[in-house]
Amino acid sequence: MTRPLISGLAAALLAACTVGPDHVRPSMTVPQTFDGGGAAAAAAPAVTDSAFWQAFGDPTLNALVDDTLAANHDLRIALARYDRANALLRGARFDQLPTLDASASAVNNRASADQAPGMPRDARDSDSFDAGIGASWELDVFGRVRRSVEAGRAEVAASADDLRALQVAVVGEVATAYFDLRGLQERLRVATENAGNQQQTLALVEARREAGQDSDFDSARASAQAAATAARIPALEAEIRVAIHRIAVLSGRTPDALQAMLSPAVALPRAPRTIDPGTPGDLLRLRPDVAAAEHRLRAATARIGVATADLFPRFTLGGLIGSQAGDLGRLFERDSETRFVALGIDWSFLDIGRVRARIAAADADAELELARYQQTVLRALEDTANALARFDRAHDADVELERAARDSARAAALARLRFDAGATGLLDVLDAERTQLQAEDAFAASRTRTVTDAVSLYRALSGGWPQTLPQQELLEGYVSGL
């Protein structure tokens, strides 16, 4: 009896196929180089050479990034999502294996007098003992299970890339917040120094007014300008505290935890003069959000096969081997052996309308993921092009603003000397001091913007990552199996 069954099973397995479309990486036309990122960056080190935040040479920033990668709660959430996807994949893989179960029973049965007429009471008792091991296995003839596992593996890979993308985003946010903090501290220094200079001017005007050389009008103008400059200081101090709070929370701490560490002012580091963006093709290989979008497209494509497999019958192989006896001592004797093998076929061919509806829904999901992938590619190119455009001329603006700050400080000093000598009026002094404050503050803000523009470019390129990021080896192990 088993030979025809085995022969039929072998024929079915030999004819096994995987229905549904195979994933093909979408092709998109991208430019050969980035606009403005060619010759100017040719001598720059490659973005992927080292961790980008280390290029600024700030030990405090390096420590903050390490703490953030280890303790940031958004990263913990993303890691939990990855663990969930991986657990679901392990469950799907078990569908490829037979399901085994073991059972045993001991039964004492007494028949009624009507069931066994004429037999004495003791003779109506009977015992039954049995034990067995059963197995059932879906023969994946049309690839339903294989497509399901393929979709699960793609979802795991997408979750891994989501985690990497979040690492890029969080580290970029920490670096930006840190440089904003140092820039605010520099602007606070500028405001404090200018407030001191204007207070000295006000004191001089007050002394001249008391001596009858200047009027109350001159004193009021000098006092108003000094007060306006002093009013900048509390606002900057508040923004500094807000920036410290943001950095602390990003690194998994309470908002006040880094107040003592970050409150002392530290000079704002200079940004690299040039950054090599590589080519758009390199970018698409590096960006984890692009990789995640492609993996989700792959998963959606595989689910078309899962839905299509319902058009065909499912074959299930089941079997049991065991022993059954009326006496416990004879349970495993040769003549107590029992077994059966069965091939089951399940085919809901009358439910074809619902199946085709599910296939159409899966097709629509795949089309959605294709559009999302293409949109992700375009946004990646746009992010990088915009970051390059901002960073490209930032240093030129710094040079001009530095000259303006230096010249305005010199002009303010000369105006005060001329005022002391009686060669010029108070209005020239106040105007020069106001121009000095504006120029020095603009230079500090521009330097901050240049450094944060460099961070934005590194973030858009998703490069400069070391090989020892948390969970890196674990994630690569699963992604490499795709």
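Before reading further, recall that the structure is shown in the block above.
A brief look at the structure comes next. (Residues numbered from 1 in each chain as written. Predicted model: local features only at pLDDT ≥ 70, side-chain atom pairs only at ≥ 80, totals over all residues. Heavy atoms only, no water.)

1. Observations concerning the pattern of salt bridges
At step 1: If you walk through the whole model with that rule in mind, you get 28 salt bridges.
At step 2: The residue Arg303 makes a salt bridge to Glu155 at a minimum N-O spacing of 3.1 Å. Of the two residues, Arg303 sits in helix 8 (residues 288–308) while Glu155 sits in helix 4 (residues 144–210), which places them 148 residues apart along the sequence.
At step 3: Taking relative accessible area as the criterion, Arg303 reaches 39% and is therefore assigned partly exposed.
At step 4: According to the relative accessible area criterion, Glu155 is partly exposed, its value standing at 23%.
At step 5: A salt bridge links Asp289 to Arg287; the shortest N-O distance between them is 2.7 Å.
At step 6: Looking at Asp289, the relative accessible area reads 26%, which means it is partly exposed.
At step 7: Overall, Arg287 belongs to the buried group, its relative accessible area being 7%.
At step 8: Through salt bridges that share partners, Asp22, Arg147, Glu150 and Arg298 make up one connected network. (Salt bridge = Lys/Arg side-chain N within 4 Å of Asp/Glu carboxyl O. Helix = DSSP H or I, 4+ residues; strand = E, 2+ residues; numbered from the N terminus. Buried < 20%, exposed > 50% of the residue type's maximum accessible area, 1.4 Å probe, protein only.)

2. What to know about the sheet that holds strand 4 (residues 337–346)
At step 1: Here we have 4 strands laid out as an open sheet, ordered 1-2-3-4, and antiparallel in their pairing. If you trace the sheet from one side to the other, it starts and ends with strand 1 (99–110) and strand 4, each paired once. Neighbour to neighbour, the strand axes of the sheet diverge by 20 degrees on average, direction disregarded. (Pairing = 2+ DSSP bridges. Axes fitted to C-alpha atoms, helices over the stretch in contact; angles between N-to-C directions.)

3. Topic: the environment of His245
At step 1: Tracing the backbone shows His245 in helix 5 (residues 216–250).
At step 2: Note on His245: relative accessible area 28%, which makes it partly exposed.
At step 3: Once the C-alpha coordinates of His245 and Leu258 are considered, the two residues, 13 residues apart in sequence, prove to be 7.6 Å apart.
At step 4: Beyond its immediate sequence surroundings of up to four residues, His245 is in contact with Pro255 and Gln259. (Contact = heavy atoms within 4.5 Å.)

4. Let's talk about the packing of aromatic side chains
At step 1: Counted under the stated rule, the structure contains 5 aromatic pairs.
At step 2: Ring centres of Phe142 and Phe312 lie 4.6 Å apart, and the angle between their planes is 20 degrees; this geometry places the pair in the stacked category. Here Phe312 lies in the loop between helix 8 and strand 3 (314–325) and Phe142 lies in the loop between strand 2 (125–139) and helix 4, a separation of 170 residues in the sequence.
At step 3: On the basis of relative accessibility, which here comes to 30%, the residue Phe312 falls in the partly exposed class.
At step 4: Ring geometry for Tyr178 versus Phe179: centroids 5.7 Å apart, planes at 65 degrees, classification edge-to-face. In terms of burial, Tyr178 and Phe179 fall into one category: buried. (Phe/Tyr/Trp six-rings, centres within 6.5 Å; stacked < 30°, edge-to-face > 60°.)

5. Here we look at the pairing of strand 3
At step 1: Pairing between strand 2 and strand 3: 11 bridges, direction antiparallel. Within strand 3, the position partnered with Glu138 by the bridge is Thr316.
At step 2: Relative to strand 4, strand 3 runs antiparallel, the two being bridged by 10 bridges. Counterpart to Leu320 in the pairing with strand 4 is Phe340.

6. Points about the nonpolar core
At step 1: Among the nonpolar cores identified, the biggest contains 54 residues, and Phe52, Phe56, Leu61, Phe179, Ile247 and Leu262 are the most heavily contacted of them.
At step 2: Looking at this core, the elements that each hand over two or more residues are helix 2 (59–71), helix 3 (73–94), helix 4, helix 5, helix 8, helix 9 (352–392) and helix 11 (426–461).
At step 3: A total of 13 residues in this core trace back to one element, the largest contributor, which is helix 4.
At step 4: Dropping the residues within four chain positions of it, Leu61 is found in contact with Trp53, Phe56, Ala175, Tyr178 and Phe179.
At step 5: Counting 10 residues, the second-largest nonpolar core is a separate cluster that includes Ala222, Val429, Leu430 and Ala432. (Core = buried A, V, L, I, M, F, W, Y, C linked by side-chain atoms within 4.5 Å.)

7. Overview of a nonpolar patch on the surface
At step 1: On the surface, a nonpolar cluster with roughly 300 Å² of combined accessible area is contributed by Leu343, Ile345 and Trp347.
At step 2: The class of Ile345 is exposed, set by a relative accessible area of 57%. (Patch = residues over 30% accessible without salt bridge, like charges linked within 9 Å, V, L, I, M, F, W, Y side chains within 5 Å. Areas by Shrake-Rupley, 256 points an atom, 1.4 Å probe, with all protein chains shown as cover.)

8. As for the packing of helix 2 against helix 4
At step 1: Here helix 2 crosses helix 4 at 145 degrees, and the two axes come no closer than 10 Å. Note that helix 2 runs across helix 4; the crossing there is right-handed. Side by side, helix 2 and helix 4 meet where Thr60, Leu61, Leu64, Val65, Thr68 and Leu69 of the first sit next to Gln167, Val170, Val171, Val174, Ala175, Tyr178, Phe179 and Arg182 of the second.
At step 2: Here the residues of the contact of helix 2 with helix 4 sort into 10 nonpolar, 3 polar and 1 charged. (Left-handed = near helix turned anticlockwise from the far one by under 90°. Nonpolar A, V, L, I, M, F, W, Y, C, P; charged D, E, K, R; others polar.)

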